[in-house]
Amino acid sequence: MISEKQFNNELQLIIHNAIREDVGNGDHSSLACIPTLATGKAKLIVKEDGIIAGVAFAKMIFEYVDSNLIMETFITDGTAVKKGDVVFHVSGSSQSILKSERLVLNSMQRMSAIATKTKSYVDLLQGTKTQILDTRKTTPGFRACEKWAVKIGGGENHRFALYDMIMLKDNHIDFAGGITLAIAKTKAYLKENNLDLKIIVEARDLDEIKEILESDGIYRILIDNLDFEDTKKAVALIGDQCQTESSGNINENTIRSYAECGVDFISSGALTHSIYNMDLSLKAF
């Protein structure tokens, strides 16, 4: 996984690029009708029930736009909220608040939706050893925030990107000439380049799992699109030789049954790609 320093750098890049995209050479609506020295206050209002996420990120946005803005927080990230709850107040330059408004709302609405969905999956896994993982199926340019939201909702992060973990999936295996060749080439590459990266290998059936287990040094086997019975057999085959992960069309109706097969992790792209933004509003008062 990437370092905390690198992760924070990703967040700053998101803010920088989003403000560049949204503000450009100036918020002319505010510049046209609001005096430069005018001050004001606004509150973040929840408009539907869920798990709030992005409060700490909103603070980062306000500080980036105007370090003199003051944010008073009443509800923190990961808290269950109801319609009508007030999450925070922000006060200071009226122009700065308006310049920040859309990025704060866009970010928090999406992050809260992801945290809410993640929490629902975490609740479905209660009593099992299985943890829910996100994937790389994220919004381009906003991945750090979406993965942060998964953590806020009680899930765990998979690899951040292509550079922080080896993941040999079906296409890698087919292009490389098979599982054993793909693993051997990967180990040689890591040694030649002095890289210390964990290796995950995807298996499409039980025979592929047996072949993967013939190679040592595998961190996790990704059991892809197997039914419940074959997943149980896969977990028994793997034993404690490496970690296990299930993926592939797993939803609210099937996630518990896959967990009960004994896998260590279930990865779900739906946490980040199949959600509707949670309704929030930033209102002057």
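Preceding this section is the structure that the text describes.
Residues numbered from 1 in each chain as written. Predicted model: local features only at pLDDT ≥ 70, side-chain atom pairs only at ≥ 80, totals over all residues. Heavy atoms only, no water.

Asker: So what exactly am I meant to see when it comes to the sheet that holds strand E9 (residues 220-224) here?
Answerer: Working definition: the strands of a sheet are paired by backbone hydrogen bonds and lie parallel or antiparallel to each other. Reading across from one edge, E6-E11-E10-E9-E8-E7 is the order of the six strands in this open sheet, with parallel pairing throughout. Edge strands, defined here as strands with exactly one partner in the open sheet, are strand E6 (131-133) and strand E7 (166-168). In this sheet, adjacent strand axes meet at a mean angle of 25 degrees when their direction is disregarded. For strand E8 (residues 199-203) and E9, the ladder comprises four bridges, and the chain directions are parallel. Of the residues in E9, the one forming a bridge with Ala203 is Ile223. Packed onto the sheet, helix H9 (residues 228-238) meets E9 and strand E10 (243-247) and runs at close to 165 degrees relative to E9. (Pairing = 2+ DSSP bridges. Helix = DSSP H or I, 4+ residues; strand = E, 2+ residues; numbered from the N terminus. Axes fitted to C-alpha atoms, helices over the stretch in contact; angles between N-to-C directions. Contact = heavy atoms within 4.5 Å.)

Asker: Would you mind going over the state of the cysteines with me for this structure?
Answerer: As used in these notes, a disulfide is a covalent bond between sulfur atoms, one from each of two cysteines. The full count for this structure, using the stated rule, is zero disulfides. Left unpaired, Cys242 is separated from the closest cysteine sulfur, that of Cys261, by 16 Å. With relative accessibility at 12%, the residue Cys242 sits in the buried group. (Disulfide = S-S within 2.5 Å. Buried < 20%, exposed > 50% of the residue type's maximum accessible area, 1.4 Å probe, protein only.)

Asker: So what exactly am I meant to see when it comes to the nonpolar core here?
Answerer: In summary, soluble globular proteins display a tendency toward joint burial of nonpolar side chains. The biggest cluster of nonpolar side chains holds 83 residues, and the ones touching the most others in it are Ile52, Phe57 and Phe88. If one sorts the elements of this core by residue count, helix H4 (residues 94-124) sits on top with 11 residues. (Core = buried A, V, L, I, M, F, W, Y, C linked by side-chain atoms within 4.5 Å.)

Asker: What exactly am I supposed to notice about the environment of Asp123 here?
Answerer: Positionally, Asp123 belongs in helix H4. Assessed through its relative accessible area of 39%, Asp123 is described here as partly exposed. Through-space distance from the C-alpha of Asp123 to that of Lys283 is 33 Å; in sequence the pair is 160 residues apart.

Asker: Where do I start with the pairing of strand E5 (residues 86-93) in this structure?
Answerer: Consecutive side chains of a regular strand alternate in pointing toward one face of the sheet and then the other. Of all eight residues making up E5, six are buried, and the element is well covered by its neighbours. Both strand E1 (residues 39-46) and E5 contribute to a ladder of seven bridges, which runs antiparallel. Pairing of Leu44 across the sheet is with Phe88, part of E5. Pairing analysis gives four bridges linking strand E3 (residues 70-73) to E5, with the strands arranged antiparallel. Note on E5: the bridge partner recorded for Thr73 is Phe88.

Asker: In this structure, what is going on with the packing of helix H3 (residues 55-65) against H4? I would like to understand it.
Answerer: To describe two helices that pack against each other, one gives the angle between their axes and the distance between the axes. Relative orientation of the contacting elements H3 and H4 amounts to 155 degrees, with a least axis distance of 9 Å. Considering the angle they form, H3 stands roughly antiparallel to H4. Crossing handedness for the pair H3 and H4: right-handed. The segment H3 lies against H4, with Val55, Phe57, Ala58, Ile61, Phe62 and Val65 engaging Ser96, Lys99, Ser100, Leu103, Val104, Ser107, Met108 and Met111. Its residues assigned to classes, the contact of H3 with H4 shows 10 nonpolar, three polar and one charged. (Parallel < 35°, antiparallel > 145°, perpendicular 65-115°, else oblique. Left-handed = near helix turned anticlockwise from the far one by under 90°. Nonpolar A, V, L, I, M, F, W, Y, C, P; charged D, E, K, R; others polar.)

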